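# Structure at a glance
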Amino acid sequence: MVSYNCIMTSVLSSLCGTRQRFGSTAGTMENLEKQLTCPICLEMFTKPVVILPCQHNLCRKCANDVFQASNPYFPTRSSSLTSGGRFRCPSCRHEVVLDRHGVYGLQRNLLVENIIDMFKQGSSSNSKPAPEQKDETPMCDIHEDEKINIFCVSHGVPTCSMCKVFGAHKDCEVSPISSIYQTKKTELSDGIAMMVGNNDRIQGIMSQLEEAGRAIEENGRRQKTLVCEKFDQLYSLLEQKKREMTQKVTAEQEEKVDYIRSLTRKYVDHLEESCKMVEMGIQTMEESEMALFLQNTKPLLQKIADASSMSHLDKVERGYEQMDHYSVDFRKERKALRSIDFVRDDEDEDEEDAADAGDEQKEEARTDSAGVVLPAPPASPASPAQPSAPQQT
């Protein structure tokens, strides 16, 4: 089995090859150091280094801080061995689910730890002695020759020893600036971890809001489709009712028109018969022979008398041509249509009570399957008056 040292040697050899190709040792080491930097504390990984399921690495302390920030109601580190939880990787936002061991159940990345050790050894052996750094400790504004080396806890500001002994902070509580530095740095690190956890929660809320928005759009489209379908059914019902009522008007119209046409034909026949009688009378008047004239006159007079009588012809009653009995009044229906709205809960309860009272069939006739209340059906109009019997003369 290949040892980690062999792996480290090959890794550093490849890095050296990269360094030779680009001709810059400092640049190569800087790039390697960036790859070995924790995304939480922004410093080089500290042991132990844990590897997340998404193959990204974190310091165990940083991972634990992120976990505690994302799970504020879970037990603290001292009791994390009995609790699970979850948090998101700060590099790729992948959700990391922990078992009952918490962060301590994550696998250590020994390869990265060994690379860090060899990187530090290589950096210390290959780098030149660092130039002496100038002391950049700030000086006190009041005592210009004194360095700021203590921290005033009462006022929350760094100061110098002379200010504590003789100056404005002589009655204040002070502390070594190094201890305050470590405390504040820890607080800042915890604050960053807390912000990362808050960002995770905000991201989750945003995802829920996006999902809710998509659900609202989908539900709105579905309900609009249902409403349109129900209105189409209402239009179809109105069209069917219009056809039925127009068919009734058309039936009586055709019946009356047929009767008028047949009566007209009878009068035409009677008129033609009368014209023939007139012609026969004129021809008889021209007869000069008295005996023959008298012989033809008697039957002719009888025919003329019969033709002059119109008792066998029907007469149309006054107002027979009127169709006013088919007039409609849609004021109630118009009012009912304008009052169409979505069904409320109390209306549903009223319908259930009506069904229990034995009025279920009437309610089903007034309410369609989508809950849109339809207007009450108008009272059926009286059957149209049949054509009156022709008046005999």
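Residues numbered from 1 in each chain as written. Predicted model: local features only at pLDDT ≥ 70, side-chain atom pairs only at ≥ 80, totals over all residues. Heavy atoms only, no water.

As summarised here, the arrangement of the 3 strands in space is β6-β5-β7, forming an open sheet in which the pairing is antiparallel. Edge strands, defined here as strands with exactly one partner in the open sheet, are β6 (157–159) and β7 (174–176). Strand-to-strand, the axes of this sheet are offset by a mean angle of 35°, without reference to chain direction. Note that strand β5 (residues 150–152) and β6 share 3 bridges and pair antiparallel. Bridged to Ile-150 within β6 is Thr-159. Packing against the sheet, helix α6 (residues 177–285) makes contact with β5, β6 and β7, and its axis sits at approximately 85° to β7. (Pairing = 2+ DSSP bridges. Helix = DSSP H or I, 4+ residues; strand = E, 2+ residues; numbered from the N terminus. Axes fitted to C-alpha atoms, helices over the stretch in contact; angles between N-to-C directions. Contact = heavy atoms within 4.5 Å.)

So, on to the environment of Val-257. Considering the arrangement of structural elements, one finds Val-257 in helix α6. Sequence separation between Val-257 and Glu-321 is 64 residues; the distance between their C-alpha atoms is 9.0 Å.

Moving on, we come to the pairing of strand β4 (residues 95–98). Going residue by residue along β4, you find Val-96 and Leu-98 tucked away on one face and Glu-95 and Val-97 left uncovered on the opposite face. Where strand β3 (residues 85–88) lies against β4, 4 bridges are found, and the strand directions are antiparallel. Bridge pairing links Phe-87 to Val-96 in β4. Hairpin geometry of β3 and β4 is characterised by an intervening segment of 6 residues between the two adjacent antiparallel strands and by a positive phi of about 65° at Arg-93. (Buried < 20%, exposed > 50% of the residue type's maximum accessible area, 1.4 Å probe, protein only.)

The backbone of Gln-55 sits at a positive phi, close to 75°, despite the residue not being glycine. Secondary-structure assignment places Gln-55 in the loop between β1 (49–51) and β2 (57–59). With phi around 65°, Arg-93 is a residue other than glycine that occupies positive phi space. Take Arg-93: it is sitting in the loop between β3 and β4. Judged by relative accessible area, Arg-93 falls into the partly exposed class, the value being 30%.

Together, Phe-231, Tyr-235 and Leu-238 give the surface a local cluster of nonpolar side chains, amounting to about 290 Å² of exposed area. With respect to the secondary-structure elements, Phe-231 resides in helix α6. What makes Phe-231 partly exposed here is its relative accessible area of 31%. (Patch = residues over 30% accessible without salt bridge, like charges linked within 9 Å, V, L, I, M, F, W, Y side chains within 5 Å. Areas by Shrake-Rupley, 256 points an atom, 1.4 Å probe, with all protein chains shown as cover. Salt bridge = Lys/Arg side-chain N within 4 Å of Asp/Glu carboxyl O.)

The next thing to look at is the confidence of the model for the protein. Counting all residues, the mean pLDDT for the protein is 75, and 73% of those residues have values of 70 or more. In the predicted structure, residues 1–12 sits below a pLDDT of 50 and forms 12 contacts with residues beyond four places in sequence or in another chain. (pLDDT = per-residue confidence, 0-100.)

Looking now at the nonpolar core. Ranked by size, the top nonpolar core spans 27 residues in total, and within it Leu-36, Phe-45, Leu-52, Leu-58 and Phe-87 carry the most contacts. Secondary structure elements with two or more residues in this core: β1, β2, α3 (60–70), β4 and α4 (110–126). If we skip the residues at most four places from it in the chain, Leu-36 touches Glu-43, Met-44, Phe-45, Val-112, Ile-115, Ile-116 and Phe-119. (Core = buried A, V, L, I, M, F, W, Y, C linked by side-chain atoms within 4.5 Å.)

Taken as a whole and judged by the stated rule, the model has 0 disulfides. A disulfide-free cysteine, Cys-92 has its sulfur positioned 3.6 Å from the sulfur of Cys-54, the nearest such atom. Take Cys-92: its relative accessible area is 34%, and that puts it in the partly exposed class. (Disulfide = S-S within 2.5 Å.)

What follows deals with the packing of aromatic side chains. Applying the stated criterion across every chain, the model contains 2 aromatic pairs. With centroids separated by 6.2 Å and ring planes inclined at 50°, the aromatic side chains of Phe-231 and Tyr-235 adopt a geometry described as tilted. Here Phe-231 pairs with Tyr-235, and both are found in helix α6, just 4 residues apart, close to one helical turn. Of the residues examined, Tyr-235 reaches a relative accessible area of 48% and is grouped as partly exposed. Sitting over the face of the ring of Tyr-320, Lys-256 holds its NZ or CZ atom 5.0 Å from the ring centroid. (Phe/Tyr/Trp six-rings, centres within 6.5 Å; stacked < 30°, edge-to-face > 60°. Lys NZ or Arg CZ within 6 Å of the ring centre and 35° of its normal.)

Let's shift gears to the environment of His-169. Inspection of the secondary structure assignment puts His-169 in the loop between α5 (161–165) and β7. Note: C-alpha distance between His-169 and His-155 (14 residues apart in sequence) is 8.5 Å.

This part covers the packing of α6 against helix α7 (residues 290–308). Where α6 contacts α7, the two axes come as close as 10 Å, and the packing angle between them is 160°. Classified by the angle between their axes, α6 and α7 sit roughly antiparallel to one another. In terms of crossing hand, the pair formed by α6 and α7 is left-handed. Between α6, through His-270, Ser-274, Met-277, Met-280, Gly-281, Thr-284 and Met-285, and α7, the contact on the second element is made entirely by Phe-293, Asn-296, Thr-297, Leu-300, Lys-303, Ile-304 and Ala-307. Broken down by class, the residue content of the contact of α6 with α7 amounts to 7 nonpolar, 6 polar and 1 charged. (Parallel < 35°, antiparallel > 145°, perpendicular 65-115°, else oblique. Left-handed = near helix turned anticlockwise from the far one by under 90°. Nonpolar A, V, L, I, M, F, W, Y, C, P; charged D, E, K, R; others polar.)

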